[in-house]
Amino acid sequence: MFKDLSKRSTEPELMDDFQGSIDLLKAVFEDINKVNRILGGNQITVNAVARLIRENPKEKYVIVDMGCGDGSMLREVAQYCRKKGIKTELIGIDLNREALSIAIENSTEYSEISFQYADILTFSTETLNCDIVINTLTMHHFTDTQLVIFLNKFIELGRIGVVINDLQRSRIAYYLFKLFSVIFIKTKVAKIDGLISINKGFVKSDLLSYAKGLPSVSHQIKWKWAFRYVWVMKPIRKRKVYE
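As the structure is a prediction and not an experimental result, all values here were calculated from the model.

(A) Focus on the side chain of S170. Tracing the backbone shows S170 in the loop between β5 (161-167) and α6 (171-184). Relative accessible area serves as the criterion here: at 8%, S170 is assigned to the buried category. In terms of polar contacts, S170 uses its side chain to reach the backbone amide nitrogen of I172, at 3.2 Å. Among the polar contacts listed, one links the side chain of S170 to the backbone nitrogen of A173, at a separation of 3.2 Å.

Take a look at the structure:
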């Protein structure tokens, strides 16, 4: 009997309320980062950020990662920007204090990166100056009702744009991950949560439905390997009217 993925799952992930040791949490992040390295998942976000930067030249960019985890995504953005000579201030925001402690420990060589403890759903956009918001493999953790709240916050915050990179809900992806995890993933937490995450992921019609409720921005939604969607939102610029 094949897994029914017709609707988004509401099953909580182990990482949503992580109860293990700090060492286990580090090992889980190592597994997640390994998957992203092998499958090129983080590069999807880097490429989208690079395009927004090319389209909106300025002296310096403030980029905020909502749900930054151990900070790996910010470090990859930092590496790209360093290579291109792009000045940045990179801010990671997360609700897991232990994850943030790991992020700080792993980012000591990146003076342009800082971290803040905050809840995405209650975060005040007025307290932060921001050009680009990124959100990688975090959106699927939230319910549809919660998504509406934080998507609107992202739009308020990102003056240049918003980049969301998340999982496709796919039966093929589900069973391929089962095989992949046997070889490449060590921790039981990452194996279990990986499957739950796919079950909580999205099909394109889901994302289009959310986009219809966000008319103040333009939307570009594209499928990417391996079973990801990248969703880029940009403010709709009003055309000047000349008499």
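Still more ground to cover, so stick around.
(B) The arrangement of the nonpolar core in detail. M66, M139, F150, L151, F154, W231 and M233 are the most contacted members of the largest nonpolar core, which totals 32 residues. Within the residue set of this core, elements represented by two or more residues are β1 (60-66), β2 (87-94), α5 (144-157), β5, α8 (204-212), β6 (217-224) and β7 (228-235). Per-element accounting of this core gives the leading share, six residues, to α5. Other than its neighbours up to four places away in sequence, F154 contacts M66, I120, V133, N135, V162 and I164. In this structure, V46, Y80, L90 and Y110 belong to the second largest nonpolar core, which totals 29 residues.

(C) Region of the structure containing the pairing of β5. Across the seven residues of β5, seven count as buried, placing the element largely inside the fold. In the sheet, strand β4 (residues 132-136) pairs with β5 via five bridges, with the strands oriented parallel. Of the residues in β5, the one forming a bridge with I132 is G161. For β5 and β7, the ladder comprises six bridges, and the chain directions are antiparallel. When the bridges of β7 are listed, V163 appears paired with V232.

(D) Representation of the packing of α6 against helix α7 (residues 188-199) in the model. Interaxial distance between α6 and α7 falls to 9 Å at its minimum, and their mutual angle equals 170 degrees. Comparing their axes, α7 and α6 come out roughly antiparallel. Between α6 and α7, the residues in contact are A173, Y174, F177, K178 and S181 and A190, K191, G194, L195 and I198, respectively.

(E) The packing of aromatic side chains, seen in detail. The final tally for this structure, using the stated rule, is seven aromatic pairs. Summarising the aromatic geometry, the rings of F150 and F154 are spaced 4.7 Å apart at their centres and angled 45 degrees between planes, so their arrangement reads as tilted. Placement of both F150 and F154 in helix α5 is noted, with a separation of four residues, approximately one turn of the helix. The exposure classification of F150 matches that of F154, with both residues buried. An aromatic cluster of three or more residues is present, and its members are F142, F150 and F154.

(F) Region of interest: helix α1 (residues 22-39). Taking 1.5 Å per residue, 18 residues should reach 26 Å; α1 reaches 26 Å between its end C-alpha atoms and fits that length. All of the buried residues along α1 are L25, V28, F29, D31, N33, V35 and N36. As for α1, its buried residues are in contact with α2 (41-55), α3 (72-84), α4 (97-106), α6, α7 and β7. Once α1 finishes, G40 follows within two positions and takes phi at roughly 75 degrees, a positive value.

Rules used throughout
Residues numbered from 1 in each chain as written. Predicted model: local features only at pLDDT ≥ 70, side-chain atom pairs only at ≥ 80, totals over all residues. Heavy atoms only, no water. Helix = DSSP H or I, 4+ residues; strand = E, 2+ residues; numbered from the N terminus. Buried < 20%, exposed > 50% of the residue type's maximum accessible area, 1.4 Å probe, protein only. Polar contact = N/O pair within 3.5 Å; in protein donor to acceptor, adjacent residues only side chain to side chain. Core = buried A, V, L, I, M, F, W, Y, C linked by side-chain atoms within 4.5 Å. Contact = heavy atoms within 4.5 Å. Pairing = 2+ DSSP bridges. Axes fitted to C-alpha atoms, helices over the stretch in contact; angles between N-to-C directions. Parallel < 35°, antiparallel > 145°, perpendicular 65-115°, else oblique. Phe/Tyr/Trp six-rings, centres within 6.5 Å; stacked < 30°, edge-to-face > 60°. Expected span 1.5 Å × (residues − 1).

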